[in-house]
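Fold and geometry: a report
This is what each chain is made of:
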Amino acid sequence: MIPDIVSSLQGSFAKGAHSELRAQRSLARRVVLLGGNLVGNTRSDSQGVCARVYKNGVYGFASAADLSQDAARRALETASKNAVFLDERVKPGKGALPDIKSGSLPPQPDFLDLEQKRYLDFVNPIDEYIKSKYEHLTSRTIVATADSMEKQIVTSDGYAAHILAPRAYVYVILNSQTKDGMPVEVFKAFGGPGSFDVALGNPEDIHEEIDALYDHLMKKREGVFASAGLKTVILSGEMSGILAHEAVGHTVEADLVLGGSVAGPMLGKMVASPLVSMTDFAHTAFGEKVPLPVYVDDEGVLADDAELIKDGKLVGFMVNRETGRHFGMEPKGNARAFAFNDEPLIRMRNTVVHPGESKLEDMIKATEDGYYLMYTNNGQADTTGEFMFGVTVGYEIKEGKLGKAIFDTTISGVAFDMLKTVDMVSDTLTWSSSGFCGKKQPMPVSMGGPELRCQVMIGGK
Amino acid sequence: MNRELQAAKQALEHLLVDGVHDASVSASTSRKSEFTVDSGKFNLLRTTLDHSLGLMAIKGHCRGTVSGNSFEEEAIKAAARDCIASAEAGQPDEAWEIAREGEGSFVSGAPEPDMDKLFTRTKELLDSVKAEYPKVMLEQVVTAHTTHKSVYLNNHGVQYESTSGSYSVSLMFSGQEGEKSSSFNGAYLITDNLDTPFLELSNIRQNLADAENQIHTKPAEGKFEGTVIFTPDCLGSMLYSLIGNYVTDGVLLDGTSLWKDALDTKVVDERITLSMNPSDSRVVNGEKYTGEGFISQDFDLIKNGVLKQFMLSSYGANKVGKTRAPNFSYAMIMQPGDTPLEELIKNTKKGLLVSRYSGGAPGTGGEFSGVAKNSFLIEDGKVTTAVSETMISGNLAGMLKDIVGISKETVEDGTGSLPWLAVDGITISGK
């Protein structure tokens, strides 16, 4: 763990300004096996200290790639000067930020930073398993990754904390081709929170799921193009999670609301079917710890859940301290920074659509003509709520039964229109936590949801 | 000796222990000063001082790499140990290679910032947008100056030192009218001086004007095959996908590239010449040397429709028996055509003018489908309404075989130069 270099500097915070001081170390480990060749074998370690000072409505920020008290002091001084530079020129004349709870949390337990050999010892047998078992592959790629953030946070009036957040994943990418020679690909991430040994266990633990992935690939080889147009679809939990994050979550981030997001005028209005509720959870959801828990954010706010949609009605935004004041909402711990040299931004944490009461098999049976969309490779949305997600594994539904696999395609829609078409919500919750959200800075986020039946535009022929 | 060179020399010394036959180190320091404007108001002045240290060792033909950001001797020693341990854990592969010769010292751009002038130019941009584009909401503007000092050394005596500085401007914006808004759009540019108002650089004026005209939209009607004119901004992202799907290490090593056997053959329309030219005068602080220690040289990726070069690293090149790419700058220069943009639009019976593509990563075959964002319908030679909920699908390589024309106008944003490109055979589907 990094030494405590920030706690003792709380006394040197400038009077009349709100100050934050953060020391941080971020680790990333990665190996890539492509067709049996080790094409990536990297470790990175980044550490430093930063300070942010709020004065009259503007912020000054400074950072240095140095974990020392001297560097922390210099960062505080420079951040204060930067705040003064802007204040003198802009003269926003805003007062102090509203008070938040103060206190401190005990340090979280340390984790094991494994040597590089351990990652290779995991991917090599996986590669051997795939190579020896599956006949119809044109190529295979196995990627092992582990990343972690360790932060010491001290603020002038909030919570102090020493946080550790490791996570680890193995990605399996399988390629084949159709009989016409068209390449087809599937991939899946395995793993979750914790160090690599905790998140992944043994290589053979994921054999069964790799078999299932290969089965999808073989069906995709015999696949068909989706028929373009507005269709009834059942989104998997993974897909509804990305919908929650991309299409709804971003539009209700307060900075984007101020920037003109479609959600601004919708507060208090019905934006979805009454079957839909959505929350950005801090650390515990439905009685269980979430994949990427946040206990204190980088502004020193003690984290709590941010309720966004309740029974179809938009009930809240995600705010930081400054936008919380603007909207009259209490900050819930959404202000997070990625690296030591990044300023906190409003970010999602563990964003989910709540499970409902339907069974997946009943949802399929009740669908005359449509698609079951299972895996996605990316998603984007904008402030109008118009979204698109890539679909890498999906199946036709014909007369209440799953049919042929479909080739890669894209779905799109407008979130607050599309959510009103949701007429069935399954009783299961699927999390995914391997991704990074991009918004000036990357950020590990988790998302999840149940299966949703709804209407979306699908690309294809 | 500067700190970067000192750190690099220390690291190289620690890497060259028993059995390590190739080793390289890159060390750099960057200083950034950055203004952030949120919702049209100055919010943050941020200054960062960062170090970066990248170590690579090849031992018994096994390669390990480590990166860190501390120039302290203990941290450098630990990084070197870690790097060698990573190499020892790896598997032998004789394809790994680093440069055997090369030296140089480079200075480019504006190494020192003028923060008062950067503030003034930023404020001028905000004021001008407010006055000239009243329906535009600037969601975020980030302007910055970055100075970068870097050193590369390897055990074969290759040594480069580089100092560069540049200003960058990044905008996110949308058109707003009451409760209606356009999709957000973005613009990014880099420049080595503050002589010109930011509004006059790159394609910013056109993008802002377009945002005001994209507030009221309607979906395209039905499904049809039509012409799509990609703006330079959008063309750039499509070309990135094309390169990733057909000519880079990953797809050539795993054999999934449809162009794997296409070198020196015609792969796209003969009017297309696409080069990677970091030394072009329109490119600010272009790449001087590659991460593998080779001097960067301009090259044609596609010349008159013929694939001339893969974007291969030296490792990838050795594995597939081809030549490595002479640079990795992605400083894309596409040869303009001789048709005015206005003419390209006039000649389009039915199609779209697409400024931004929001879609899934194209499949390995290059099939893409996604949403046409910040886009307009073209009907009977005229730009008519802005569209929403309209998807386009096609094939990356296929559409470049089926081009209608290339504009004579180009846009330069400091990273390259691209024209507007009109292609046929794209499936356009609305409601």
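Residues numbered from 1 in each chain as written. Chains lettered and ligands numbered in written order. Predicted model: local features only at pLDDT ≥ 70, side-chain atom pairs only at ≥ 80, totals over all residues. Heavy atoms only, no water.

**A word on the overall build of chain B**
- For chain B, the helix and strand inventory stands at nine helices and 22 strands.
- In terms of overall size, chain B behaves like a compact globule, its C-alpha atoms giving a radius of gyration of 24 Å where 431 residues would be expected to give roughly 22 Å.
- For chain B, the spread of C-alpha atoms along the three principal axes comes to 70 × 55 × 35 Å.
- Among the 431 residues that make up chain B, the fraction classed as buried is 60%. (Helix = DSSP H or I, 4+ residues; strand = E, 2+ residues; numbered from the N terminus. Rg over C-alpha atoms; globule rule 2.2 N^0.38 Å. Buried < 20%, exposed > 50% of the residue type's maximum accessible area, 1.4 Å probe, protein only.)

**Points about the domain arrangement of chain A**
All names here are of chain A.
- Segmentation of chain A into domains returns domain 1 (7-221) and domain 2 (229-458).
- Summarising the inter-unit geometry, the C-alpha centres of domain 1 and domain 2 are found 21 Å apart.
- For domain 1, the biggest contributors to the area lost against domain 2 are R167, H216 and K220; these three give 17% of the whole.
- In this structure, R52 engages E299 in a salt bridge whose closest nitrogen and oxygen atoms are separated by 2.8 Å.
- Here domain 1 is connected to domain 2 by 21 residue pairs in polar contact (both at pLDDT 80 or more). (Domains from an automatic or database assignment. Buried area = accessible area lost by both parts, 1.4 Å probe. Salt bridge = Lys/Arg side-chain N within 4 Å of Asp/Glu carboxyl O. Polar contact = N/O pair within 3.5 Å; in protein donor to acceptor, adjacent residues only side chain to side chain.)

**Quick word on the nonpolar core**
Residue and element names in this part refer to chain A.
- In this structure, L235, L243, L373, F387, I411 and L419 are the most contacted members of the largest nonpolar core, which totals 52 residues.
- Put simply, the parts of the chain that give this core at least two residues each are β8 (229-235), α5 (237-249), α6 (254-258), β12 (306-310), β17 (369-375), β19 (386-391), α9 (415-418) and β28 (452-458).
- Looking at this core element by element, the count peaks at six residues for α5.
- Each residue touching L373, except ones within four places of it in the same chain, is listed here: V233, I234, L235, S236, M239, V391, V393, G394, I406, I411 and I458. (Core = buried A, V, L, I, M, F, W, Y, C linked by side-chain atoms within 4.5 Å. Contact = heavy atoms within 4.5 Å.)

**Focus on the side chain of T383 of chain A**
- Considering the arrangement of structural elements, one finds T383 of chain A in the loop between β18 (379-381) and β19.
- The exposure class of T383 of chain A is buried, given its relative accessible area of 2%.
- For T383 of chain A, the residues in contact, after removing those within four places along its chain, are T251, L256, S261 and V262 of chain A together with E139 and F184 of chain B.

**Concerning the domain arrangement of chain B**
Residue and element names in this part refer to chain B.
- For chain B, the assigned domains read domain 1 (3-212) and domain 2 (216-431).
- With 34 residues of domain 1 in contact, the opposing surface of domain 2 contributes 26 residues.
- Across the domain 1/domain 2 interface, buried area totals approximately 2500 Å², and carbon plus sulfur atoms make up 54% of it.
- Area buried by domain 1 at its contact with domain 2 is led by E97, Y160 and I190, which between them contribute 19% of it.
- Taken together, the connections running from domain 1 to domain 2 amount to one salt bridge.

**Remarks on the sheet that holds strand β24 (residues 430-432) of chain A**
All names here are of chain A.
- Judged by pairing direction, the sheet is mixed, and its six strands sit side by side in the order β13-β12-β9-β16-β27-β24 without closing on themselves. Where the open sheet ends on each side, the last strands, each with one partner, are β13 (313-314) and β24.
- For β24 and strand β27 (residues 446-449), the ladder comprises three bridges, and the chain directions are antiparallel. Looking across to β27, one finds that W431 is bridged to G448.
- This element, α5, spans β9 (278-281), β12, β16 (350-353), β24 and β27 of the sheet and lies at about 120° to β27. (Pairing = 2+ DSSP bridges. Axes fitted to C-alpha atoms, helices over the stretch in contact; angles between N-to-C directions.)

**Description of the packing of aromatic side chains**
- Applying the stated rule across the entire model yields 24 aromatic pairs over all chains.
- Seen in terms of ring centroids, F122 of chain A and F196 of chain A are 5.2 Å apart; in terms of plane orientation they differ by 85°. Their pairing is edge-to-face. Highlighted residues: F122 of chain A in helix α2 (residues 116-133) and F196 of chain A in helix α3 (residues 196-200), separated in sequence by 74 residues.
- Take F122 of chain A: its relative accessible area is 4%, and that puts it in the buried class.
- Assessed through its relative accessible area of 4%, F196 of chain A is described here as buried.
- Aromatic pair Y160 of chain B and Y289 of chain B: ring centres 4.5 Å apart, planes at 10°, arrangement stacked. (Phe/Tyr/Trp six-rings, centres within 6.5 Å; stacked < 30°, edge-to-face > 60°.)

**A word on helix α4 (residues 204-212) of chain B**
- By the burial criterion, the buried members of α4 of chain B are I204, N207, L208, D210, A211 and E212 of chain B.
- Buried residues in α4 of chain B make contact with α3 (115-132), β5 (136-154), β6 (159-177), β8 (185-191), α5 (232-246) and β18 (375-379) of chain B.

**Looking at the packing of helix α1 (residues 3-15) of chain B against helix α2 (residues 73-89) of chain B**
All names here are of chain B.
- Packing of α1 against α2 leaves a shortest axis separation of 9 Å and a crossing angle of 40°. Comparing the axis directions of α1 and α2 gives the class oblique. α1 and α2 meet at a crossing whose hand is right-handed. Contact residues: α1 offers A7, Q10, A11, H14 and L15, while α2 offers E73, I76, K77, A80, C83 and I84. (Parallel < 35°, antiparallel > 145°, perpendicular 65-115°, else oblique. Left-handed = near helix turned anticlockwise from the far one by under 90°.)

**Details of the interface of chain B and chain A**
- Tallying the contact residues gives 73 residues for chain B and 72 residues for chain A.
- Together, L45, N69 and Q91 of chain B form the three largest contributors to the area buried by chain B at its contact with chain A, with a combined 10%.
- Counting every contact that joins chain B to chain A gives eight salt bridges.
- Top contributing element to the side of chain B that touches chain A by residue count: strand β2 (residues 41-59) of chain B, with 10 residues.
- Residues of the side of chain B that touches chain A, tallied by class, amount to 21 nonpolar, 36 polar and 16 charged.
- Here strand β3 (residues 58-64) of chain A pairs with β2 of chain B via six bridges, running parallel. (Nonpolar A, V, L, I, M, F, W, Y, C, P; charged D, E, K, R; others polar.)

**A closer look at the environment of R25 of chain A**
Residues and elements named next belong to chain A.
- If you trace the backbone, R25 turns up in strand β1 (residues 18-34).
- In this structure, the C-alpha to C-alpha distance between R25 and S102, residues 77 residues apart in sequence, is 24 Å.
- For R25, the contacting residues outside a window of four places in its chain are I2, D45, S46, Q47, S148, M149 and E150.
- Polar contacts involving the side chain of R25 include one to the side chain of D45, which spans 2.7 Å.

**Considering the packing of α2 of chain A against helix α4 (residues 207-221) of chain A**
Residue and element names in this part refer to chain A.
- Where α2 contacts α4, the two axes come as close as 12 Å, and the packing angle between them is 45°. On the basis of the axis angle, α2 is oblique to α4. Between α2 and α4 lies a crossing of right-handed hand. The segment α2 lies against α4, with I126, Y129, I130 and K133 engaging H207, I210 and D211.
- Taken together, the residues of the contact of α2 with α4 break down into four nonpolar, one polar and two charged.

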